[in-house]
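Residue-level structure breakdown
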Amino acid sequence: MTGGAALSRPEPARTGGSAAGAAGAAHVRVRGLTRVYPGAGGRPPLKALGPLDLDLAPGEFFSVVGPSGCGKSTLLDVLAGLSAASAGSVSFEGRAVTGQVPDGVGVVFQEDSSFPWLSVFDNAAFGLRRLKTPEAEVRARVAEALGLIGLSGFADAFPAQLSGGMRQRVCIARTLVMRPRLILLDEPFGALDQQTKLLMGDELLRLWRETGATILLITHSLDEAALLSDRIGVMSARPGRFIDLIETGWDRERDSRIAADPGFGAITARIWSQLREESLKAMRAAP
Amino acid sequence: MSRAGLIRTGVIVAALAALEAACRTGLIDRFSLSPPSEMAISAARILASGEYTRDILATFATVAAAAALSIVAGFGLGVVLYRFPRLKRAADPFLASYYAVPSFIFYPLFIVLFGLNRWPLVAVAFVFAVVAMAIASVDGFLSVRPILLRTAASLRLTRAQTLRHVILPAAAPYLFTGVKLTVVYAFIGVVAGEFILSGSGLGYRIAFAYQSFETATMYGLMLILLTAVVSVNMLLWARERRLHARLTR
């Protein structure tokens, strides 16, 4: 279960099953990751994920698409250190991730996770204040983050006064002020309408360029994955593995207008050709 | 004043006026019930004379002690039950049936334990109130949305920080309801205890006035007690509304 054994194990060449690149300065390295949920009440254990391999380069924008229930969110939980792997290893900046979120990793969830009893400013400042950061620095960094996500005018508002999209931005600001080097996003725009989603995607791209962070985005939207990513990992039905890896080849300077590029259609078509069969499987397997 | 407030005030004034009229016209026997105006005069006289000040203060001090102890211990019990779910599952049937037990039957026991002073009253009120606070606390902790706990973990909060900065504020509405209930239960426990078996306090004085046919004094004291309890509750209620408004506006 620990890193050493898995890392020293020779990697057999796999066809499509591995997202591991050439060994080098990987920012995130996943080897043989498996997650099994123990069976409750006499049922057999449920294999949710893997085994899968993944290497993320520093500053890369990587998206994971897959049918519902394929273990995408489980993958994010394990990468974040929010839950443990059943087998295999995850490392971030060369250190094993085990049972705790490492310093330098930020997570944004799908569900609204703003703190309703705090103002927008205090929500964004939350993590810094727990670290006893000097108040002057808290102010500067929160102001910067609120500016980046376009919420400067709402510092004193409370989450209940904001729309769903704005609340999600509050959560992104709360993560950004910590200056994470790796940002994990679990369908952060899933609950938003299509237009807001596209604009939020553009903002995310801008943040990504300006912060230089590595981003891993979990999504069920083919368009979102095709628009935003440098690389896309397509996952199979449960237990989730990578069945395809797609290099989009987009410029670093890009926004949602690339939807008009012929390459965009080609990418979504390729994802769907891989995913259709898996989605059908997932649908039939659903209770 | 809001429309609802006007209606509320109107209903109260009308009820008092009707009661006053019924007493004055002899519809209700004067010996059984004083008119509200005489109750107020009697209450004012009692407060002015200072004859009952010691009893009033004793009752309030006892309620304050019982409520404070119940809130602290109930909250602590709530934290323990939350931290140890198995313990909570084991305790659940007892918590659910707790208020089926008339805890006042233990009053003689507390007198044996603590002696003839105010402490048996504190004890009986504590026993009556503490579980309300414990149940409200643990319900509040369990009501915290799991995503907020995951957020706390993703921001690398320690266990103590998570409790202090996430669980407590998220559970605040429940805790507040617990505090309100606890204060009410402490009042009931203390005054009822004084009624049954005590030589001092408002409850004792009301019972004494009743037994010696001092109707005016009895109603005056009752009015004082009612006004005090309702005021404390209204204050807590107003605080609770402010808290609630901030979370939902």
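A short note on the domain arrangement of chain A
By a frequent convention, interface size equals the accessible area lost on bringing the separate parts together. All names here are of chain A. Per the domain assignment, the segments of chain A are domain 1 (1-104 + 181-287) and domain 2 (114-179). The straight-line distance from the C-alpha centre of domain 1 to that of domain 2 is 27 Å. Taken together, the contact between domain 1 and domain 2 spans nine residues of the former and seven residues of the latter. At four residues, helix H6 (residues 194-211) tops the list of elements feeding residues into the side of domain 1 that touches domain 2. The residue inventory of the side of domain 1 that touches domain 2, partitioned by class, reads seven nonpolar, one polar and one charged.

Concerning the sheet that holds strand S7 (residues 105-108) of chain A
All names here are of chain A. Spatially, six strands are ordered S7-S8-S9-S4-S10-S11 in an open sheet, and the strand pairing comes out mixed. Pairing within the sheet leaves two strands with one partner each, and these edge strands are S7 and strand S11 (242-247). With direction set aside, neighbouring strand axes in the sheet form an average angle of 15°. Here strand S10 (residues 231-235) pairs with S11 via five bridges, running antiparallel. For Ile-232, the partnering residue across the bridge sits in S11 and is Ile-246.

Concerning the nonpolar core
Generally speaking, a soluble globular protein has its nonpolar side chains buried in company with each other. Counting 132 residues, the largest nonpolar core has Ala124(A), Ala173(A), Leu184(A), Ala125(B), Ala129(B) and Ala186(B) as the members making the most contacts within it. Counting residues per element, this core draws most heavily on helix H6 (residues 119-142) of chain B, at 18 residues. Looking at which domains feed residues into this core, each of domain 1 (1-104 + 181-287) and domain 2 (114-179) of chain A supplies at least three.

Regarding the environment of Ser32(B)
Residues and elements named next belong to chain B. The residue Ser-32 is located in the loop between helix H1 (3-24) and helix H2 (36-49) in this model. For Ser-32, a count of 8 C-beta atoms within 10 Å puts it in the exposed group. With 181 residues separating them along the chain, Ser-32 and Phe-213 place their C-alpha atoms 9.7 Å apart.

Remarks on the environment of Gln161(B)
The residue Gln161(B) is located in helix H8 (residues 159-197) in this model. The spacing of Gln161(B) and Thr177(B) is 16 residues in sequence and 23 Å in space, taken between C-alpha atoms.

What counts and how
Residues numbered from 1 in each chain as written. Chains lettered and ligands numbered in written order. Predicted model: local features only at pLDDT ≥ 70, side-chain atom pairs only at ≥ 80, totals over all residues. Domains from an automatic or database assignment. Contact = placed C-beta atoms within 7 Å. Helix = DSSP H or I, 4+ residues; strand = E, 2+ residues; numbered from the N terminus. Nonpolar A, V, L, I, M, F, W, Y, C, P; charged D, E, K, R; others polar. Pairing = 2+ DSSP bridges. Axes fitted to C-alpha atoms, helices over the stretch in contact; angles between N-to-C directions. Core = buried A, V, L, I, M, F, W, Y, C linked by C-beta atoms within 7 Å. Buried ≥ 20, exposed ≤ 12 C-beta atoms within 10 Å, placed from the backbone.

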